[in-house]
Amino acid sequence: MVDTDVANFFGSLDWNLLLKIIKRRVNDGALIRLIGKWLNAGVMEEETLIHPERGTPQGGVISPVISNSFLHHVLDRWYVRDVKPRLQGRSFLIRFADDFLIGCEREDEARRVLAALPKRFNLFKLTIHPEKTALIRFQRPSFRKETDNENGTFDFLGFTHFWAKSRQGFWVIKRKTAQKRLRRAMKSLWQWCRNHRHENLREQYRTLCLKLRGHYQYYGIRSNARPLEVVKDHVQKAWRYWLSRRGNKHPISWDKFDRLRRMFPLPKPRIYHATC
């Protein structure tokens with residue numbers, strides 16, 4: 001697996017190159033001018049309006065379309081037209097906005113692809129992050145040699161991918177919430193409970209339910225039930241901890257909090273994507 005990271009893609013995208021690429025497929029002056037207005041609209045940072053000369057705001061309305069249009073030309077077409085026909089083994093490319101993975105059956109060909117990526121991206125004034133880009137051996141354990149103990153995992157779109165055995169005893173690829181994403185979610189929920197501890201209890205409950213359901217709907221895949229339970233338990237602890245600091249001299253006992261939980265039951269973890 002060629003695990004690659006584009007350094008500051010949304011902040012370093014070149015507008016002139018972007019418009020040249022778009023004009024190859026779009027011959028509508030009004031649409032081109034509209035894209036130019038979006039790019040020149042500016043970005044609000046701490047109540048200050050900044051007008052950068054390159055890049056597109058991450059999370060902006062037009063950013064997903066721009067990133068897909070640009071990287072389709074930079075990466076997707078190049079891989080299909082120039083890279084894959086030169087490989088003898090099987091290979092695939094998976095890309096979501098600026099996050100992408102390239103899988104190769106042969107290690108020597110994966111190393112060639114890894115060496116060619118920085119040169120390709122430099123042509124479009126983009127940089128492959130040297131420290132966050134790596135070649136990962138991701139081989140089914142039963143296919144590995146007895147002397148080969150190196151078999152890594154990789155993170156993609158918030159999930160850690162790893163080999164494990166199914167209940168039937170077969171080797172399968174499983175996924176779980178990446179530790180970095182799990183810590184970030186738990187920290188965000190803890191901070192929210194702290195900042196909103198004085199709000200109406202029903203409003204707190206309604207918002208926490210929305211946050212938990214949103215988390216479950218993204219991370220609710222097979223083999224990831226335990227991390228979902230960890231998040232729910234963390235929310236219960238954080239909610240009790242900060243409700244105890246609404247002016248009470250003593251923390252809320254677990255018996256009292258159990259009565260509160262029966263009145264306001266938090267949604268249980270649920271697997272939404274059973275076919276993943």
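The preceding data block contains the structure.
Nothing here was measured: the structure is a model prediction, and the numbers come from that model.

**Q** Help me understand the sheet that holds strand S8 (residues 159-165), please; the structure alone is not making it clear to me.
**A** Strand pairing in a sheet takes place through backbone hydrogen bonds and is either antiparallel or parallel in direction. Read across the open sheet, the three strands follow the order S7-S8-S9; overall the sheet is antiparallel. Looking at strand neighbours, the two that pair on one side only are strand S7 (154-156) and strand S9 (171-177), the edges of this open sheet. Strand-to-strand twist of the sheet, defined as the mean angle between neighbouring strand axes without regard to direction, takes the value 40°. Alignment of S7 against S8, held across three bridges, turns out to be antiparallel. Opposite aspartate 155, over in S8, you have threonine 160 as the bridge partner.

**Q** Sorry, what's going on with the pairing of strand S4 (residues 91-96) here?
**A** Regular strands place side chains that alternate from one sheet face to the opposite one. Where S4 lies against strand S5 (residues 99-104), six bridges are found, and the strand directions are antiparallel. Residue pairing across strands places phenylalanine 92 opposite glycine 103, the latter belonging to S5. Taken together, S4 and the strand that follows it, S5, pair antiparallel across an intervening segment of two residues, in which alanine 97 is found at a positive phi of about 55°.

**Q** Can you help me understand unusual backbone geometry in this one?
**A** For residues that are not glycine, phi is negative in most cases, and the peptide bond is trans in most cases. Positive phi, close to 55°, is recorded for alanine 97, a residue that is not glycine. Relative to the elements of secondary structure, alanine 97 occurs in the loop between S4 and S5. With a phi close to 75°, serine 223 is a non-glycine residue in the positive phi region. Tracing the backbone shows serine 223 in the loop between helix H7 (201-219) and helix H8 (225-243).

Conventions we followed
Residues numbered from 1 in each chain as written. Predicted model: local features only at pLDDT ≥ 70, side-chain atom pairs only at ≥ 80, totals over all residues. Heavy atoms only, no water. Pairing = 2+ DSSP bridges. Helix = DSSP H or I, 4+ residues; strand = E, 2+ residues; numbered from the N terminus. Axes fitted to C-alpha atoms, helices over the stretch in contact; angles between N-to-C directions.

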